[in-house]
Amino acid sequence: MDDGLVLETRDLSVGYKTRRGLLWAVEDVNLVVRKGEVHALVGESGCGKSTLGLSLSRLLPDSQVVYKGSIIFNGVDLVQLREGEVRRYRGSGIATIFQEPITSLNPVLRVGEQIAESLTMKSLKMYGYRSHDPKADGHLFGFSQGTMLLARAKSLYIKHKEEVHTLLSKVGIQEPLRVANMYPHELSGGMNQRVMIAMAIAQRPSLLVADEPTTALDVTTQAQILRLLNSLIREYGMSVLLITHDLGVVSAVANRVSVMYAGRIVEEAERKSLIEKPMHPYTRGLIASFPKNTKKEGLSPIPGTVPPLGKYPLGCRFHPRCSQVLERCRSVEPGLTVLSEGRRVACHLYD
Amino acid sequence: MISQVGSLTETDRALLAVKNLVKHYPVRSGFISRLRRHPKLIVHALDDVSLSIAENETLGVIGESGSGKTTLGLTVLRLVEPTSGRIVFNGLDITSLGYSDLRAIRRQMQIVFQDPVSSLDPRKRVFDVVVEPLRAAGIKDRGVLVDSATEAIRAVGLSESQLRLLPYQFSGGQKQRISIARAIVAKPKFIVLDEPTSSLDASVQAQLLTLLQKLQREFGLSYMLITHNFSVAKYMSDRVAVMYLGKIVELGSAERVAGNPLHPYTQLLLSSVLEPGVSTRLPDVPLQEKPVSNINPPHGCRFSARCPFAKDVCVREEPELIEVEPNHYAACHFAGSVSMM
């Protein structure tokens with residue numbers, strides 16, 4: 001693994017154990033994220049983008065998921081580690097932020113307390129905190145666990161006040177003292193997303209997985225949040241895996257782009273060449289779906305929808321929706337082939 | 001105040017005209033704060049909104065969350081009662097129409113909501129969902145219901161065999177097609193589209209926008225398209241109205257508003273639009289620390305707190321919506337002379 005790499009997946013497949021058997025949501029993905037780059041993962045819903053993003057720090061419940069292949073982070077294969085060992089990499093190695101900040105934040109804790117918590121995840125053992133231990137009983141000295149957690153969060157905040165306030169100002173909050181004492185419901189969506197980002201960067205991760213971080217926000221707020229991410233990347237030398245379905249966002253911030261369809265990467269390229277010369281018919285369809293400036297010029301949407309998990313067609317998975325389908329596409333699945341430096345595409349048109 | 005917009009000649013040929021519409025929600029205050037005589041808080045969801053929509057026309061209503069655009073859509077259908085103002089539909093003043101008269105009119109005005117999951121009854125079969133507007137209008141003849149439902153479901157690109165299914169058996173895009181089928185089944189003249197594609201993928205959004213345009217041509221519909229997405233509004237609308245904190249700040253043809261935005265807020269919105277392109281840059285949007293709120297908004301221009309060009313007069317006096325160039329209105333003291341782009 002060369003030095004510039006932060007994360008590499010090798011033939012990574014992620015399957016869900018369901019009543020219909022094992023269903024592979026991500027298949028044979030080879031993804032490379034370099035230091036300081038924003039790598040965008042694009043596709044419609046149901047293509048496996050979020051599954052891939054979550055599986056990178058093994059956030060999916062181990063009891064319901066099967067991994068094949070490897071996730072190499074800092075020279076270590078995360079797939080091989082035990083749950084307790086993976087936890088060491090979360091937050092300090094790979095941090096994740098989600099689409100709806102309000103559902104990811106704890107409604108009963110003040111913002112400052114939550115950030116203090118994420119600052120000190122390493123030292124939680126000191127407080128006797130065993131989050132996933134089913135045997136841990138709910139009471140300690142006659143207080144419920146909830147009460148203990150609240151008390152602990154408060155004491156953490158008091159202890160780490162300075163650091164929390166620094167983090168809040170890092171994410172562009174001008175009155176950190178006031179905001180730290182507020183609850184998530186008192187803040188706007190954009191402010192909550194800033195709080196989430198503060199928590200994510202608390203332990204200076206080398207990779208930030210951002211799963212649709214601006215989709216729930218207004219356009220003006222979206223621009224602010226993306227700008228913030230950009231400046232943090234520069235300051236921390238952090239890499240970002242940006243999961244989004246919005247090619248406008250991709251155009252504005254990404255360096256490289258991987259396009260996913262039905263669990264597989266179908267095209268990978270530099271942002272500029274992907275937007276200028278999209279090769280895979282799916283990528284072209286995604287770009288053509290975007291309503292352009294002028295009125296009634298006509299859109300050319302991709303017909304149909306993403307096939308549901310486990311009901312992928314034979315041959316190329318995109319062929320039922322493809323406008324340039326060849327005979328071969330119905331029976332032979334195209335592999336991801338390297339066309340030129342840094343450009344890969346999985347389509348029979350380019351064989 | 002803004003009689004130019006709702007002038008008589010325009011109202012005459014308009015399908016829907018709204019004049020000086022106001023909707024205020026009182027904020028419920030606790031017993032203690034009432035004892036302490038705290039000032040009453042009022043949410044100004046709509047303040048003095050006037051506009052009109054002609055037949056076959058699409059009016060786009062653009063704004064951020066909290067701008068009052070959804071309240072406007074609900075109020076023109078009288079799903080929400082206005083505090084004051086007038087709503088004229090097809091030459092008839094429906095502002096104070098009684099329940100049964102309103103019911104008869106409602107056949108001609110329908111709505112498609114943002115979230116198809118929560119706007120379809122999960123226990124009703126698609127058939128029952130789709131024919132609901134007809135049943136509400138008192139039609140009981142099974143044959144008529146079946147014929148209308150079949151026609152509507154085909155028009156939105158689904159098949160009649162799917163009428164027997166339940167909503168959970170459909171994808172998000174298909175659910176939204178069912179909502180659209182329900183909206184067109186009673187052959188309305190006017191449909192409010194409240195963020196019809198916001199929760200959907202770009203590809204599905206493109207399919208639905210194309211469908212909505214086709215239906216407009218076929219059935220001669222008028223749309224009020226409520227959206228926060230400027231690209232969608234530009235693509236779909238003949239005219240657009242930009243709303244900020246309960247007020248219309250700019251109104252004009254989609255081409256003019258997008259091509260020559262007069263209000264700084266419109267300019268801000270337009271510069272924040274990210275379209276796929278090689279030269280797409282991130283705009284520098286000034287940050288506002290406190291969330292802007294339409295609870296007891298200040299005198300003067302409501303955008304002044306965020307406006308980089310704000311002068312004393314902006315804080316003192318509220319600008320009126322005036323015609324800056326032909327059929328292009330803006331509510332800004334410096335309309336057209338400031339530019340953020």
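Right, let's get into the overall build of chain B. Each helix and strand counted, chain B has 14 helices and twelve strands in total. Its C-alpha atoms give chain B a radius of gyration of 21 Å, near enough to 20 Å, the size a compact globule of 341 residues would have. Each of the 341 residues in chain B was classed as buried or not, and the buried ones make up 47%. Looking at chain B alone, contacts between residues at least 24 apart form 68% of all its contacts between residues at least 6 apart.

Summing up its helical and strand segments, chain A has twelve helices and 15 strands in all. On C-alpha atoms alone, chain A measures out to a radius of gyration of 22 Å, which is about the 20 Å that the 2.2 N^0.38 rule sets for 351 residues. Principal-axis analysis of the C-alpha atoms gives chain A an extent of 70 × 45 × 40 Å. By the burial criterion, 46% of the 351 residues in chain A qualify as buried. Within chain A, counting contacts between residues at least 6 apart in sequence, those at least 24 apart form 66% of the total.

Another aspect to go through is the pairing of strand 7 (residues 190-194) of chain B. All names here are of chain B. Within strand 7, five of the five residues are buried, which leaves the element mostly enclosed by the surrounding structure. Here strand 7 shows no split at all, with Phe 190, Val 192 and Asp 194 on one side and Ile 191 and Leu 193 on the other all buried. As judged from the four bridges shared by strand 6 (residues 109-112) and strand 7, these two strands associate in the parallel manner. Across the sheet, the residue bridging to Met 109 is Phe 190, located in strand 7. As paired elements, strand 7 and strand 8 (residues 222-227) share five bridges and run parallel to each other. Following the sheet pairing, Phe 190 is matched in strand 8 by Ser 222. The parallel pair strand 7 and strand 8, bridged by helix 10 (residues 202-219), forms a crossover whose chirality is right-handed.

Now for the domain arrangement of chain A. One frequent convention defines the size of an interface as the accessible area lost when the parts assemble. Residue and element names in this part refer to chain A. Segmenting chain A into domains produces domain 1 (1-93 + 203-293) and domain 2 (108-199). With eight residues of domain 1 at the contact, the number on the domain 2 side is nine residues. Broken down by class, the residue content of the side of domain 1 that touches domain 2 amounts to five nonpolar, three polar and no charged.

All names here are of chain A. Read across the open sheet, the eight strands follow the order 7-10-11-4-12-13-15-14; overall the sheet is mixed. Two strands in the sheet have a free side with no partner beyond their single neighbour: strand 7 (94-97) and strand 14 (337-340). Here the average twist between neighbouring strands, direction ignored, is 25 degrees. Two strands pair when backbone bridges link them, and strand 14 and strand 15 (residues 343-345) are joined in this way by three bridges, in the antiparallel orientation. Note on strand 15: the bridge partner recorded for Val 338 is Arg 344. In the packing of helix 12 (residues 281-288) onto the sheet, contacts are made with strand 4 (38-42), strand 12 (256-261) and strand 13 (264-270), and the angle to strand 12 comes to roughly 100 degrees.

Bringing the packing of helix 8 (residues 189-201) of chain A against helix 9 (residues 219-236) of chain A into the picture now. Residue and element names in this part refer to chain A. Where helix 8 contacts helix 9, the two axes come as close as 10 Å, and the packing angle between them is 15 degrees. Taken as axis vectors, helix 8 and helix 9 run roughly parallel relative to one another. Crossing of helix 8 against helix 9: the hand is right-handed. In this structure, helix 8 uses Gly 189, Gly 190, Gln 193, Arg 194, Ile 197 and Ile 201 to contact helix 9, whose residues at the interface are Thr 221, Gln 224, Ile 225, Leu 228, Leu 232 and Tyr 236. Across the contact of helix 8 with helix 9, the residue classes break down as six nonpolar, five polar and one charged.

Okay, the interface of chain A and chain B next. With 37 residues of chain A at the interface, the matching set in chain B holds 37 residues. Those elements giving two or more residues to the side of chain A that touches chain B turn out to be helix 9, helix 10 (247-253), helix 11 (271-276) and helix 12 of chain A. Counting residues per element, the side of chain A that touches chain B draws most heavily on helix 9 of chain A, which supplies eight residues. A per-class count over the side of chain A that touches chain B returns 15 nonpolar, 15 polar and seven charged.

The subject of this paragraph is the nonpolar core. Ranked by size, the top nonpolar core spans 191 residues in total, and within it Ile 115, Ala 198 and Leu 242 of chain A together with Val 130, Met 224, Val 242 and Ile 248 of chain B carry the most contacts. If you tally residues by element for this core, the top one is helix 8 of chain A, at eight residues. Structurally, this core is a two-domain feature, drawing no fewer than three residues from each of domain 1 (1-93 + 203-293) and domain 2 (108-199) of chain A. Not counting residues up to four positions away in its chain, the partners in contact with Val 242 of chain B are Ile 62, Gly 63, Ile 248, Val 249, Glu 250, Val 257, His 263, Tyr 265, Thr 266 and Leu 269 of chain B.

It is worth spelling out the sheet that holds strand 1 (residues 14-26) of chain B at this point. One open sheet holds the four strands; their spatial order is 2-1-4-5 (chain B), and the pairing between them is antiparallel. Every other strand in the sheet has two partners, leaving strand 2 (42-54) and strand 5 (92-93) of chain B as the edge strands with one partner each.

Below, the discussion takes up helix 4 (residues 111-119) of chain A. For helix 4 of chain A, the tally of buried residues reaches eight of nine residues, placing the bulk of the element in the interior. Turning to helix 4 of chain A, its buried residues are Val 111, Gly 112, Glu 113, Gln 114, Ile 115, Ala 116, Glu 117 and Leu 119 of chain A.

Residues and elements named next belong to chain B. In this model, Lys 187 sits at a positive phi of 55 degrees, which is unusual for a non-glycine residue. As for its position among the elements, Lys 187 is in the loop between helix 9 (172-184) and strand 7. Residues other than glycine seldom take positive phi values, yet Glu 195 does so here, at roughly 45 degrees. Along the polypeptide, Glu 195 turns up in the loop between strand 7 and helix 10.

Conventions we followed
Residues numbered from 1 in each chain as written. Chains lettered and ligands numbered in written order. Predicted model: local features only at pLDDT ≥ 70, side-chain atom pairs only at ≥ 80, totals over all residues. Helix = DSSP H or I, 4+ residues; strand = E, 2+ residues; numbered from the N terminus. Rg over C-alpha atoms; globule rule 2.2 N^0.38 Å. Buried ≥ 20, exposed ≤ 12 C-beta atoms within 10 Å, placed from the backbone. Contact = placed C-beta atoms within 7 Å. Pairing = 2+ DSSP bridges. Right-handed = clockwise from strand over helix to strand, strands pointing away. Domains from an automatic or database assignment. Nonpolar A, V, L, I, M, F, W, Y, C, P; charged D, E, K, R; others polar. Axes fitted to C-alpha atoms, helices over the stretch in contact; angles between N-to-C directions. Parallel < 35°, antiparallel > 145°, perpendicular 65-115°, else oblique. Left-handed = near helix turned anticlockwise from the far one by under 90°. Core = buried A, V, L, I, M, F, W, Y, C linked by C-beta atoms within 7 Å.

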